[in-house]
Amino acid sequence: MGVRPPSSGDNEEPDSIEFGIAAVDAHLRDADLSFPATKDDIEAELGHERIPYDVHGNDVPLSEMLAEVPTAEFDSRQELLNQLHKPFEAYRRNNSGGVVAQVRSLLPF
């Protein structure tokens with residue numbers, strides 16, 4: 001997932017804020033990891049990385065999200081991301097500041 005931050009009023013395009021599986025994907029692209037890969041391989045390479053799970057920058061260790069995935073081996077990066085989607089969504093729902101905070105995070109001000 002990624003969300004564009006509010007504009008500061010200048011003409012520059014703002015960078016997007018990556019969180020959830022979009023942030024995991026960015027880490028995977030930079031990692032020295034090839035697929036197929038086991039959960040242990042991924043954890044050894046990236047388990048210590050803290051991944052933002054919402055637009056506010058709150059984060060969680062990737063190892064904690066991997067623990068929620070029942071699959072032990074992933075044939076592709078996309079398969080890993082697909083498996084991580086539900087745990088990240090559940091974590092975000094359970095650790096957000098409630099409905100008001102979620103709606104507020106979507107507003108441009």
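The coordinates are above.
Position labels on residues start from 1 in each chain and follow its written sequence. At least 70 in pLDDT is required for a residue's local features to be given in this predicted model, at least 80 for side-chain atom pairs to be given and counted, and no such filter applies to totals for whole chains, interfaces and linings, which use all residues. Processing note: side-chain calculations cover all non-hydrogen atoms of the structure and skip hydrogens and water entirely.

A. A look at the packing of aromatic side chains. Each Phe, Tyr or Trp ring (for Trp, its six-membered ring) is paired with any other whose centre lies within 6.5 Å, and the angle between the two planes then decides the class: stacked below 30 degrees, edge-to-face above 60, tilted in between. Going through the model one piece at a time under the given rule, you end up with one aromatic pair. Taking the centre distance of 4.8 Å and the plane angle of 80° together, the rings of Tyr53 and Tyr91 count as edge-to-face. Of this pair, Tyr53 sits in the loop between β4 (50-52) and β5 (59-61) while Tyr91 sits in helix α4 (residues 77-95), and the two are 38 residues apart along the sequence. For the pair formed by Tyr53 and Tyr91, the shared burial category is buried. Here a strand is any run of E in DSSP of at least two residues, a helix any run of H or I of at least four, and the numbering for each starts at the N terminus. For every residue, the accessible area obtained with a 1.4 Å probe (protein chains only) is divided by the maximum for its type, and the residue is called buried under 20%, exposed over 50%, and partly exposed between those limits.

B. Just the nonpolar core, in detail. We define a nonpolar core as any set of buried Ala, Val, Leu, Ile, Met, Phe, Trp, Tyr and Cys residues linked to one another through side-chain atoms lying within 4.5 Å. Counting residues in hydrophobic clusters, the biggest one holds 21 residues, and the most contacted among them are Val24, Ile42, Leu62, Leu84 and Phe88. When residues in this core are grouped by element, the largest group, five residues, is from α4. Those residues within four positions of Val24 in sequence are excluded, and the remaining contacts are Ile51, Leu62, Leu81, Leu84 and Phe88. In what follows, a contact means two residues having at least one pair of non-hydrogen atoms within 4.5 Å.

C. Highlighting a negative patch on the surface. Among the surface-exposed residues, Asp40, Asp41, Glu43, Glu73 and Asp75 lie close enough to one another that they form a single negatively charged patch. Ranked by residue count, the leading element in the negative patch is helix α2 (residues 39-46), at three residues. Mapped onto the elements of the fold, Asp40 is located in helix α2. Since its relative accessible area comes to 61%, Asp40 is described here as exposed. Patch membership requires over 30% relative accessible area and the absence of a salt bridge. Like charges are linked within 9 Å, and nonpolar side chains (Val, Leu, Ile, Met, Phe, Trp, Tyr) within 5 Å. Computed with the Shrake-Rupley method and a 1.4 Å probe, the accessible areas treat only the protein chains shown as cover for residues. Here, a salt bridge means any side-chain nitrogen of Lys or Arg that lies within 4 Å of a carboxyl oxygen of Asp or Glu. The charge count treats Lys and Arg as positive and Asp and Glu as negative. His and the chain ends do not count. Lysine's charge is taken at NZ, arginine's at CZ, aspartate's at CG and glutamate's at CD.

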